[in-house]
Amino acid sequence: MSMELGVADSSWHRLDCDAVVLILYREEESGRLNRSADERMDGLLAELTASGEWTGANGDILVIHRPADVSARRLVLLGAGRRGDCDGARLRDRMVQVVRKFRGSDVVRIAVAGWEAADSALSIQACAEGLVIGSYGPDEYKTRDRSRTKIGQALFCSADPARATGLQDALNRGLVLGEATNLARSLVNQPGNRINPARLAEEARSIAEKSGLQIEILDEPAMEYEGMGALLAVARGSDEPARMIVLKHFGAEDDGAPPVVLIGKGVTFDSGGLSLKTSQGMEEMKADKAGACAVLAAMKAVSRLRLRRNVVGILPAVENMPSGRAQRPGDVVRSMSGKTIEVLNTDAEGRLILADAMHYARRLNPACMVDIATLTGACVIALGHVRAGLFSNDDRLAERFFEASERAGEKFWRLPLDDEYRSLLDSHIADIKNVGKRAAGAVTAAKFLQEFVGDTPWCHIDMAGVDMFQEGGANQGATGFGVRTMVELASLYPDP
Ligand code: BES
Ligand code: ZN
Ligand code: ZN
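Residues numbered from 1 in each chain as written. Chains lettered and ligands numbered in written order. Predicted model: local features only at pLDDT ≥ 70, side-chain atom pairs only at ≥ 80, totals over all residues. Heavy atoms only, no water.

Colleague: Explain the overall build of the protein to me, and be specific about the residues and the numbers.
Modeller: The secondary structure content of the protein amounts to 14 helices and 18 strands. The globule rule puts the C-alpha radius of gyration for 496 residues at 23 Å, and the 24 Å found for the protein is close to it. Along the three orthogonal principal directions, the C-alpha set of the protein runs to about 80 × 50 × 40 Å. By residue count, 55% of the 496 residues in the protein fall in the buried class. Accessible surface, the protein: about 20,900 Å² in total, of which carbon and sulfur atoms supply 46%. (Helix = DSSP H or I, 4+ residues; strand = E, 2+ residues; numbered from the N terminus. Rg over C-alpha atoms; globule rule 2.2 N^0.38 Å. Buried < 20%, exposed > 50% of the residue type's maximum accessible area, 1.4 Å probe, protein only. Areas by Shrake-Rupley, 256 points an atom, 1.4 Å probe, with all protein chains shown as cover.)

Colleague: Residue-level account of empty space enclosed by the protein, with values.
Modeller: Enumeration over the complete set of coordinates arrives at one cavity of 30 Å³ or more. Together, A184, V188, A290, M463, D467, A478, T479, G480 and F481 line the largest cavity. (1 Å grid on protein atoms, 1.4 Å probe; cavity = no way out; pocket = protein on both sides within 12 Å on 5 of 7 lines; lining within 4 Å. Points joined across faces, edges and corners; volume = space filled by probe spheres on them.)

Colleague: Give me the domain arrangement of the protein: which residues, what numbers.
Modeller: The domain architecture assigned to the protein consists of domain 1 (4-158) and domain 2 (182-492). Each of domain 1 and domain 2 has a C-alpha centre, and the two are 37 Å apart. Our count for the contact surface shared by domain 1 and domain 2 stands at one salt bridge. Across the pair E129 and R484 runs a salt bridge whose closest N-O atoms are separated by 3.4 Å. For the interface between domain 1 and domain 2, the tally reads 13 residue pairs in polar contact (both at pLDDT 80 or more). Examining the composition of the side of domain 1 that touches domain 2, we find that five residues originate from one element, helix 4 (residues 120-134), more than from any other. Looking at the side of domain 1 that touches domain 2 residue by residue, the classes come out as eight nonpolar, one polar and four charged. (Domains from an automatic or database assignment. Salt bridge = Lys/Arg side-chain N within 4 Å of Asp/Glu carboxyl O. Polar contact = N/O pair within 3.5 Å; in protein donor to acceptor, adjacent residues only side chain to side chain. Nonpolar A, V, L, I, M, F, W, Y, C, P; charged D, E, K, R; others polar.)

Colleague: Quick rundown of the packing of helix 12 (residues 395-408) against helix 14 (residues 483-492)? Include the residues and the values.
Modeller: Axis separation between helix 12 and helix 14 bottoms out at 8 Å; the angle between their running directions is 125 degrees. Comparing the axis directions of helix 12 and helix 14 gives the class oblique. When you trace helix 12 past helix 14, the crossing you get is right-handed. Only R484, T485, E488, L489 and L492 of helix 14 make contact with helix 12, whose side of the interface consists of L397, R400, F401, E403, A404, S405, R407 and A408. Class assignment of the residues belonging to the contact of helix 12 with helix 14 gives a composition of six nonpolar, two polar and five charged. (Axes fitted to C-alpha atoms, helices over the stretch in contact; angles between N-to-C directions. Parallel < 35°, antiparallel > 145°, perpendicular 65-115°, else oblique. Left-handed = near helix turned anticlockwise from the far one by under 90°. Contact = heavy atoms within 4.5 Å.)

Colleague: I'd like to hear about the site of ligand 1, residue by residue, with values.
Modeller: Around ligand 1 sit 15 residues in total, of which K277, D288, D347, E349 and G377 are the nearest. Here a nitrogen atom of ligand 1 sits 2.8 Å away from a polar atom, N or O, in the side chain of D288. A distance of 3.5 Å separates a nitrogen atom of ligand 1 from a polar atom in the backbone of L375. A class-by-class count of the residues in the shell around ligand 1 yields four nonpolar, four polar and seven charged. (Near = heavy atom within 4 Å.)

Colleague: I'd like to hear about the sheet that holds strand 4 (residues 74-79), residue by residue, with values.
Modeller: Taken together, the six strands give an open sheet; going across it, the order is 1-6-5-2-4-3, and neighbouring strands pair in mixed fashion. Of all the strands in the sheet, just strand 1 (4-8) and strand 3 (61-65) have a single pairing partner and so form its edges. Each neighbouring strand pair of the sheet contributes to a mean axis angle of 20 degrees, computed without reference to strand direction. Bridge analysis of strand 5 (residues 109-113) against strand 6 (residues 153-157) gives four bridges, and the strand direction is parallel. When the sheet's bridge partners are listed, R109 is paired in strand 6 with Q153. Seen against the sheet, helix 1 (residues 32-40) touches strand 2 (19-24) and strand 5 and runs at an angle of roughly 135 degrees to strand 2. Contacting strand 1, strand 5 and strand 6, helix 4 runs over the sheet at an angle of about 160 degrees to strand 6. (Pairing = 2+ DSSP bridges.)

Colleague: Run through the side chain of K447, naming residues and quoting values.
Modeller: Tracing the sequence through the fold places K447 in helix 13 (residues 441-450). Polar side-chain contacts of K447 include one of 3.3 Å to the side chain of D419. At a separation of 2.8 Å, a polar atom in the side chain of K447 contacts the side chain of Q450. When neighbours within four sequence positions are excluded, K447 is seen to be in contact with L417, D418, D419, Y421, R422 and L425.

Colleague: Now, about the coordination of the zinc ion (ligand 2): what can you tell me, with residues and values included?
Modeller: Looking at the metal site, the zinc ion (ligand 2) is ligated by D270 (OD), D347 (O), D347 (OD) and E349 (OE), spaced 2.0 to 2.2 Å from it. Around the zinc ion (ligand 2) sit six donor atoms; with metal-centred angles ranging over 71 to 167 degrees, the donor geometry is irregular. Within one chain, the residues donating to the zinc ion (ligand 2) are spaced in sequence as D-x76-D-x1-E. Metal-to-metal, the separation of the zinc ion (ligand 2) and the zinc ion (ligand 3) is 3.2 Å; D270 coordinates the two. Taken together, the positions of D270 in strand 10 (residues 266-270) and E349 in the loop between strand 13 (340-343) and helix 10 (350-362) put the pair 79 residues apart, joining distant regions of the chain. For D270, a relative accessible area of 3% puts it in the buried group. Among the residues examined, E349 registers a relative accessible area of 0% and is labelled buried. (Donors = N, O, S within 2.8 Å, 3.2 Å for Na, K, Ca; no water. Tetrahedral: all angles 85-135°; square planar, octahedral: opposite > 155°, others 65-115°.)

Colleague: Any details on the nonpolar core? Residues and values, ideally.
Modeller: Judged by nonpolar contacts, the single largest core of 55 residues is most densely connected at L200, L247, L262, L296, L315, I461 and M486. When residues of this core are assigned to their parent elements, the largest contribution, 11 residues, is made by helix 9 (residues 290-304). Contacts of L262, omitting those with residues within four sequence positions, involve V295, A298, M299, V311, V312, G313, I314, V370 and M486. Counting 49 residues, the second-largest nonpolar core is a separate cluster that includes I341, I353, F391 and L415. (Core = buried A, V, L, I, M, F, W, Y, C linked by side-chain atoms within 4.5 Å.)

Written as structure tokens, this is what we have:
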């Protein structure tokens, strides 16, 4: 069930709820909210500040039960650091923290005050996203300890009733984007024995039917007919047949208007194929479908938000396995574009399936193309687990992309596509080989993909380092990375 989100025009201290959350800033003891909180509680906040127990540092949290002269049963002081440093990303994280804090407790209805920052629509949207995202936990397979109570309703205090409608719209947008992020997380968390290409296609069909997206699913004979030899070569080693899933949202006035095309790598399990991976960490390769899941979830959000654009999502889905039928290192395959590829390493499979998906996408006369993939370990070496790699052949699109990523609170770093890198993929037997040497592995992968985009404005996201939360943190499993940035980008581009 969806979380209920609303705007309240009464003062925070008069709202009857389980907990009222006050977002307070560092070095701002005399701020409006601080003063009113201090007054309500008979000087308690000043006392806590004087004793050093409360500073307002980012992430500080203090729960006061049965606060004097306040209707809520609990008052939650939530530090957001310096006001000037507090952006949407920080507010989102703070809301995740609040949901975590009260998971399993009897706190179901909350109110939030102090969230208003420079761009209040974006701030309240980010808060909504945080509350929804914080509510998800990968516990579908647990047979015990599952029914943990969660926050079900949040009211945001606003002093300005004239803006209530705009703020409610922003809350709804945050709800849709938060739920889409969770959908991607839940799909990525499904293990390889649960999700294979056919199952992913079924999931996509059920999502499409419920949300009014058009869907077309290509099976292996259909892909054979299209000449998708690169994708099919990867699929050969698996007993699970491949699928190409195509989702369409017609939001523009003209159904024929060039669409924004989103393409996601959907390797439901990447064993490496005959270039078999070592067993250490291989279990993580169930998440090699994270790009496809992000695109599927983004398409659902695009439809729920009724974006006035045409948007197409393409999910090439395969399982990469070794077997007697598997492709061999050294094989030469013919891609749908007609370009021949020497497959020197069967573990560089993502670029093979994307090559055919991208060529297929060119038929749709795209306004722009974005592909997202857990593509290279080299990108993890370059950027770690903080930022995804961004490659683009079009500066204007890249600029829009970074605007979108700011709104989404997802981090990227642009990496180069210089022509000099292309020669590392020269093959003496085919048009191109699928791997270079160790050097610049994320870049050569991107150069490989570039062969198949033509002059379509294009962005490639290498999300290999950011698909899963890292161990040790409070967050576990898949991140749902990329969903929100893609939806925000599709909202911004091309300029209306
Ligand atoms: N799915 C992997 C990339 C990956 C690695 C994702 C680590 C997440 C974490 C991809 O298919 C792969 O195996 N790439 C190879 C390419 C190499 C053979 C050129 C890699 O990065 O080692
Ligand atoms: Zn691989
Ligand atoms: Zn892979």
